[in-house]
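Per-entry structural report
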Amino acid sequence: MKLGIGNDHSAYGMKLEIKQHLESLGHEVVDHGTHSVERTDYPTWGRLVAEGVASGEVEAGIVICGTGIGISIAANKVRGVRCCVCSEPYSARMAREHNDANVLAFGSRVVGVELAKMIVDEWLAADFLGGRHAERVAMIGAIETDHDR
Ligand code: RB5
């Protein structure tokens, strides 16, 4: 799978670990940065990853900041992106099965590296269930359309 990844300074080390994990599983990773621990602004990186997903450059994305919150809010501003902050594997699975989340977020100050890998693995292994869930996801898309006027 071709995945985008992005992070702020607080999650630089975590990003490197997750990127290596993904590549060891055979995924292709587009690293949008940031590429150091120098202080930076999470919306920059959430936006880049989300735009990569929305444009089809990558199939899905992973965004990481201190809490996962700010960068997920930024990612969700891009049309068509459904980004979920997950701090454990169950939510990550549900984010795919019920919400068709195309971007996963978590916090480098919230979860450890090994738990983060489990969250990523569960999210990647799950499939969208469609059916009634597709109707609800379509309703989310309608909110975007309605507020675009
Ligand atoms: C940076 O200090 C921190 O605010 C950021 O990583 C993130 O947690 C914001 O939501």
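If you're wondering where the values come from, they're calculated on a predicted model, not measured in any experiment.

Across its full length, the chain carries six helices and five strands. For the chain, the succession of helices and strands along the chain, N to C, is β-α-β-α-β-α-β-α-β-α-α. Scaling as 2.2 N^0.38, a compact globule of 149 residues should have a C-alpha radius of gyration of about 15 Å, and the chain matches this with 14 Å. Across the chain, contacts joining residues at least 24 apart in sequence account for 69% of those joining residues at least 6 apart.

Okay, the environment of Arg93 next. Position of Arg93 relative to the elements: it lies in helix α4 (residues 89-97). Considering only alpha carbons, one finds Arg93 and Leu124, 31 residues apart in sequence, at a separation of 8.2 Å. What Arg93 contacts, discounting residues up to four positions off in sequence, is Glu122 and Ala126.

Moving on, we come to the nonpolar core. Residues Ile18, Leu22, Ile62, Leu104, Phe106 and Trp123 are the most contacted members of the largest nonpolar core, which totals 22 residues. Of all the secondary structure elements, the ones that give two or more residues to this core are β1 (2-7), α1 (12-24), β3 (60-65), α4, β5 (103-107) and α5 (113-125). Excluding its chain neighbours within four sequence positions, the residues that come into contact with Ile62 are Gly4, Ile5, Gly6, Leu22, Val49, Val103, Leu104, Phe106, Val120 and Trp123. Listed in part, the 15 residues of the second largest apolar core include Val49, Val53, Ala75 and Ala105.

Further remarks concern the pairing of β3. Where burial is concerned, most of β3 is hidden: six out of the six residues are buried. Relative to β3, β1 runs parallel, the two being bridged by five bridges. Note that in β3 the partner of Ile5 across the bridge is Ile62. As paired strands, β3 and β5 are joined by five bridges and run parallel to one another. Across the sheet, the residue bridging to Ile62 is Leu104, located in β5.

Within a beta sheet, neighbouring strands are joined by backbone hydrogen bonds and run either parallel or antiparallel to one another. Spatially, the five strands line up as an open sheet ordered β2-β1-β3-β5-β4, and their pairing is parallel. Every interior strand has two partners, whereas the edge strands, β2 (28-31) and β4 (83-85), have only one. For this sheet, the mean inter-axis angle between neighbouring strands, taken without regard to orientation, is 25 degrees. Sitting on the sheet, α5 is in contact with β1, β3 and β5, with an inclination near 165 degrees to β5.

The rules we used
Residues numbered from 1 in each chain as written. Predicted model: local features only at pLDDT ≥ 70, side-chain atom pairs only at ≥ 80, totals over all residues. Heavy atoms only, no water. Helix = DSSP H or I, 4+ residues; strand = E, 2+ residues; numbered from the N terminus. Rg over C-alpha atoms; globule rule 2.2 N^0.38 Å. Contact = heavy atoms within 4.5 Å. Core = buried A, V, L, I, M, F, W, Y, C linked by side-chain atoms within 4.5 Å. Buried < 20%, exposed > 50% of the residue type's maximum accessible area, 1.4 Å probe, protein only. Pairing = 2+ DSSP bridges. Axes fitted to C-alpha atoms, helices over the stretch in contact; angles between N-to-C directions.

So, to be careful, I would describe these as geometric facts and stop short of saying anything about function.
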